[in-house]
Amino acid sequence: MSATTPETAEPAAPTGTPAVPVTSDSARASLEALRSEISKAVVGQDPAVTGLVVALLCRGHVLLEGVPGVAKTLLVRALAASLELDVKRVQFTPDLMPSDVTGSLVYDARTAEFSFQPGPVFTNLLLADEINRTPPKTQSSLLEAMEERQVTIDGSPRPLPDPFLVAATQNPVEYEGTYPLPEAQLDRFLLKLTVPLPSREDEINVLTRHADGFNPRDLEAAGIRPVAGPADLEAARAAVAKTSVSPEIAAYVVDVCRATRESPSLNLGASPRGATALLSTARAWAWLTGRDYVTPDDVKALALPTLRHRIQLRPEAEMEGVTPDSVITAVLAHVPVPR
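Keep in mind that this is a model prediction, so the values were computed, not measured.

## Remarks on the overall build of the chain
Looking only at helices and strands, the chain features 14 helices and 13 strands. With the principal axes as the frame, the chain shows a C-alpha extent of 70 × 50 × 50 Å. Excluding contacts between residues fewer than 6 apart, the proportion of contacts in the chain whose partners are at least 24 apart in sequence is 76%. Roughly 16,500 Å² of accessible area belongs to the chain as shown, and the carbon and sulfur atoms make up 54% of that amount. Each charge sign in the chain was given a centre, from 31 positive and 42 negative side chains, and these centres are 1 Å apart.

Shown next as structure tokens:
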């Protein structure tokens, strides 16, 4: 296989300013710098940071699952600050209305006309905090935005900014007053990332930072600066799209997803959309690690976060302690790997 070939993307520049090409290699270096920049605010969550970057490269959305207090909100805010992207947060509650998310038409008495007031969905990174606490009607207001990258108000489609990513959070241990996300909505999320409790050393590091005056609401004081931007994302996406996929790798992805449909522990296996998502995330991961081709290890590395929310356990398997991750791990162990 050949080494990674630098690709260029020329983002639009202000009038009178020559456009500076961003190469594939420089974009990769900028995105790799995100990890160290975000670590100034968030300790020990590198896999979640990588997952968010992969989602941005694939134009996908992320479901973050973790108990309260593990820095899910801070992680998304730090990512936006490091990428110089706009971020808005919506606290999902039982009384939240769809128009509170998408925006609505407002009557102006001075002009006797209706004007559109954009909602918080018109941003680059939308943090949908505790998305499972709002009724399905409001949850569904995000579906068009996530899939079509637009919002239709009064019959008029209104495009969303690019890049656009929904990072939704949910608490895995609290079910009272929640509305479980239906399978069709879960399938719209490219990745489901688990945000675990920190290790003892990381937790000591967190407390030490707070004792030294760290303020999670003031990221600028924490020293977080933009290390990448939309131009880097544009160049990176162009390079990911040129990352080659052999017929053997495509067949391997299909075999993995088909094996989940045949698992005796599952009611529902990964759909063809799941296979497409796994191929996309594997390509992004291959490019991030410095290659212009996908290997079976890339597929294995992204299989859990890409597929764990797209499969449904049988009740008897769940009672026996089987988890989606254990099913996918077993599938990866049994599906033949191409040579």
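## Details of helix H3 (residues 72-83)
With 12 residues, H3 extends 17 Å between its outermost C-alpha atoms, agreeing within 8% with the 16 Å of an ideal straight helix rising 1.5 Å per residue. H3 sits mainly inside the fold: nine of its 12 residues count as buried. All of the buried residues along H3 are Lys72, Leu74, Leu75, Val76, Ala78, Leu79, Ala80, Ser82 and Leu83. Positioned one or two residues after H3, Glu84 has a phi angle of 55°, which is positive.

## A short note on the packing of aromatic side chains
Inspection of every chain in the model, using the stated rule, returns two aromatic pairs. Relative to Phe122, the ring of Phe116 lies with its centre 5.7 Å away and its plane at 70°, an arrangement referred to as edge-to-face. Judged by relative accessible area, which is 19%, Phe116 ranks as buried. The class for Phe122 is buried, based on a relative accessible area of 16%. Positioned over the ring face of Phe116 is Arg158, at 4.1 Å from the centre of the ring.

Definitions and limits used
Residues numbered from 1 in each chain as written. Predicted model: local features only at pLDDT ≥ 70, side-chain atom pairs only at ≥ 80, totals over all residues. Heavy atoms only, no water. Helix = DSSP H or I, 4+ residues; strand = E, 2+ residues; numbered from the N terminus. Contact = heavy atoms within 4.5 Å. Areas by Shrake-Rupley, 256 points an atom, 1.4 Å probe, with all protein chains shown as cover. Lys, Arg positive; Asp, Glu negative; His and termini not counted. Charge placed at Lys NZ, Arg CZ, Asp CG, Glu CD. Expected span 1.5 Å × (residues − 1). Buried < 20%, exposed > 50% of the residue type's maximum accessible area, 1.4 Å probe, protein only. Phe/Tyr/Trp six-rings, centres within 6.5 Å; stacked < 30°, edge-to-face > 60°. Lys NZ or Arg CZ within 6 Å of the ring centre and 35° of its normal.

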